[in-house]
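# Remarks on the overall topology
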Amino acid sequence: MPTSKIAGIGKYLPSRVVTNNDLLQYMETSDEWIQERTGIKERRYAHRTEETTTTMGVEAAKVAIERAGITPQDIDFVVFATLCPDYYFPGCGVLLQRAMKMKEIGALDVRNQCSGFLYAISVADQFIKTGMYKNILVVGAEKHSFGLDFTTRGRNVSVIFGDGAGAVVLQPTDKAGQGILSTHLHSDGESAEILAMYNPGTHANHWKEEKYAAFDDAEIGQMFFSHSMIDQGQIFPHMDGPAVFKKAIVKFPEVIQECLHQNNCTTEDLSLLIPHQANLRISQFVQQKLKLRDDQVHNNIQKYGNTTAASVPIALCEAWEEGKVKDGDLVCLAAFGSGFTWASALIRW
Ligand code: ACO
């Protein structure tokens, strides 16, 4: 049975740099607070009208496809991970397929937030292993800047996120011991609402009050979005930061150890860990817990903020471009995020 290898990798970061001090015009915060709690110095924001989650995904995909030595017409399946799609539906996968003039191939959208890219490559890996597809494009892209609460009310969330995209092309390899050695996916929905964007959605929490019982379908339909939802800021992401932190620092090391154990490896064998760039403090905690050296962990949240599904492929691409990932290296990708979901992948480059 073949395994999957990363045949090409690309990233795209919008050119607009937004520093912590730039955010002061919208909310009460400080460069010091943001850097101390998250490590973030600046992030990128997409062009307001010219760039979307899909267009950024396309730019990253172009690089990954070129580096794989193929063309968009050679791609036989797309997996697109994002939590901020261009439309409520259809997903970004088909928009990318259209923009890149690909054949009428399958396009799957993955909604696993910060773990999205790991879930996406795990799905792609299974299709490669079974021999179903030969060139799968996996994309993680986010345009957070369009849906954040830029008032002081939303500052605990808004200062953290940035825009960008990363992509890889997976291909089969018969070289023994090379490629994706294993992937590990987990979830615990018990705390789903701790880090979530509730609206728009079908949960109907707003309409459970007795006064709405007599409303007919048409009236309720019009309340899918309501003025009060907007006025109360219920259209923005909600996060209980300390609760996320507590769970992340347990599950991150656990899922990294899981993929190492599965492959009879230890942290000493690890050439590079690419953790999802949630928060520099979380990455540092994980590094300390696993007793990893600085050169074994790649972080770039300082420059780009948290780009959720895009953060792992952006960081992996950056590390590869800097020569930190070489043939034969053992690379671990790991993520934790909303859901909660968490995941890892171990790759022999
Ligand atoms: N600037 C200034 N003050 C702020 C800001 C801000 N941007 N945000 C919150 N505060 C204030 C709060 O209002 C609060 O003030 P109060 O004490 O007067 O009420 C105070 O700072 C502490 O608020 P907490 O939410 O308790 O802040 P905490 O110290 O926990 O830091 C943070 C918040 C950075 C989000 C932290 O909880 C954290 O790192 N959590 C992990 C979550 C995470 O990394 N999420 C990333 C996205 S999810 C993912 O990718 C896994």
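What you see is a predicted model, and the numbers here were worked out from it, not measured in a lab.

Glancing now at the overall build of the chain. Check the secondary structure of the chain and you find 11 helices and 13 strands. Taking 20 Å as the expected radius of gyration for a compact globule of 349 residues, we find that the chain reaches 20 Å, a close match to that expectation. In terms of principal-axis extent, the alpha carbons of the chain reach across some 65 × 45 × 40 Å. For the chain, the residues scored as buried account for 53% of the 349 residues in total. Put simply, of all contacts in the chain between residues at least 6 apart along the chain, 78% involve residues at least 24 apart. A total accessible area of about 15900 Å² is found for the chain, and carbon and sulfur atoms account for 51% of it. Taking the average location of the 33 positive side-chain charges in the chain and that of its 41 negative ones, the two points are 5 Å from each other.

In many analyses, interface size is given as the accessible surface area lost on bringing the parts together. In terms of domains, the chain is made up of domain 1 (3–173), domain 2 (179–192 + 239–348) and domain 3 (198–235). Relative to domain 2, the C-alpha centre of domain 1 lies at a distance of 17 Å. Summing both partners gives a buried area of about 3500 Å² for domain 1 against domain 2, and 65% of it is carried by carbon and sulfur. Sorting the residues of domain 1 by area buried against domain 2 places Lys-11, Cys-114 and Leu-118 first, and these three jointly supply 18% of that buried surface. Here domain 1 and domain 2 share 2 salt bridges between them. In this structure, the salt-bridge partner of Arg-67 is Glu-321, at a minimum N-O distance of 3.1 Å. Counting every contact that joins domain 1 to domain 2 gives 20 residue pairs in polar contact (both at pLDDT 80 or more). Among the secondary structure elements, those contributing two or more residues to the side of domain 1 that touches domain 2 are β1 (3–12), α1 (31–38), β3 (42–45), α4 (116–129), β6 (136–142), α5 (155–158) and β7 (164–173). Taken together, the residues of the side of domain 1 that touches domain 2 break down into 18 nonpolar, 18 polar and 12 charged.

Moving on: unusual backbone geometry. Cis peptide bonds are those with omega within 30 degrees of zero, and the linkage from Asn-199 to Pro-200 qualifies with 0°. In this fold, Pro-200 is placed in the loop between β9 (195–196) and α6 (217–221). A cis geometry characterises the amide bond from Gly-339 onward to Phe-340, with omega recorded as -10°. As for its position among the elements, Phe-340 is in the loop between β12 (330–337) and β13 (341–348). Its identity as a non-glycine residue notwithstanding, Gln-113 has a phi of 50°, on the positive side. Mapped onto the secondary structure, Gln-113 falls in the loop between β5 (106–110) and α4.

The immediate surroundings of the ligand are formed by 24 residues, with Thr-29, Arg-37, His-276, Asn-279 and Asn-306 found nearest. The separation between an oxygen atom of the ligand and a polar side-chain atom of Asn-279 is 2.4 Å. Here the ligand, which alone exposes 1000 Å², has 72% of that area covered by the protein. Mapped by element, the contributors of at least two residues to the shell around the ligand are α1, α5, α8 (241–262) and β12. Considering every element that reaches the shell around the ligand, the biggest residue donor is α8, with 4 residues. Looking at which domains feed residues into the shell around the ligand, each of domain 1 (3–173) and domain 2 (179–192 + 239–348) supplies at least three.

Let us look at the packing of aromatic side chains. Scanning the model with the defined rule gives 8 aromatic pairs in all. Where Tyr-26 meets Phe-150, the ring centres are 5.4 Å apart and the plane angle is 55°; that geometry is what we call tilted. Taken together, the positions of Tyr-26 in the loop between β2 (16–19) and α1 and Phe-150 in the loop between β6 and α5 put the pair 124 residues apart, joining distant regions of the chain. When the centroid spacing of 4.9 Å and the interplanar angle of 65° are considered together, the rings of Phe-77 and Phe-127 count as edge-to-face. One end of the pair, Phe-77, is in strand β4 (residues 77–81); the other, Phe-127, is in helix α4, with 50 residues separating them in the sequence. Phe-77 sits in the buried class, given a relative accessible area of 8%. According to the relative accessible area criterion, Phe-127 is partly exposed, its value standing at 23%. Ring-pair connections join several aromatic residues into one group, and the members of that group are Phe-252, Phe-336, Phe-340 and Trp-342. Over the face of the ring belonging to Phe-146 we find Lys-143, whose NZ or CZ atom lies 4.4 Å from the ring centre.

A word on the sheet that holds strand β8 (residues 179–187). The strand order across the open sheet formed by 4 strands is β8-β13-β12-β11, and the pairing between neighbours is mixed. Across the chains shown, the open sheet's two edge strands, defined by having one partner strand only, are β8 and β11 (272–275). Strand-to-strand, the axes of this sheet are offset by a mean angle of 10°, without reference to chain direction. Sheet topology note: the β8/β13 ladder contains 8 bridges and is antiparallel. Across the sheet, His-186 pairs through a bridge with Trp-342, a residue of β13.

Cut-offs used in this document
- Residues numbered from 1 in each chain as written.
- Predicted model: local features only at pLDDT ≥ 70, side-chain atom pairs only at ≥ 80, totals over all residues.
- Heavy atoms only, no water.
- Helix = DSSP H or I, 4+ residues; strand = E, 2+ residues; numbered from the N terminus.
- Rg over C-alpha atoms; globule rule 2.2 N^0.38 Å.
- Buried < 20%, exposed > 50% of the residue type's maximum accessible area, 1.4 Å probe, protein only.
- Contact = heavy atoms within 4.5 Å.
- Areas by Shrake-Rupley, 256 points an atom, 1.4 Å probe, with all protein chains shown as cover.
- Lys, Arg positive; Asp, Glu negative; His and termini not counted.
- Charge placed at Lys NZ, Arg CZ, Asp CG, Glu CD.
- Domains from an automatic or database assignment.
- Buried area = accessible area lost by both parts, 1.4 Å probe.
- Salt bridge = Lys/Arg side-chain N within 4 Å of Asp/Glu carboxyl O.
- Polar contact = N/O pair within 3.5 Å; in protein donor to acceptor, adjacent residues only side chain to side chain.
- Nonpolar A, V, L, I, M, F, W, Y, C, P; charged D, E, K, R; others polar.
- Near = heavy atom within 4 Å.
- Phe/Tyr/Trp six-rings, centres within 6.5 Å; stacked < 30°, edge-to-face > 60°.
- Lys NZ or Arg CZ within 6 Å of the ring centre and 35° of its normal.
- Pairing = 2+ DSSP bridges.
- Axes fitted to C-alpha atoms, helices over the stretch in contact; angles between N-to-C directions.

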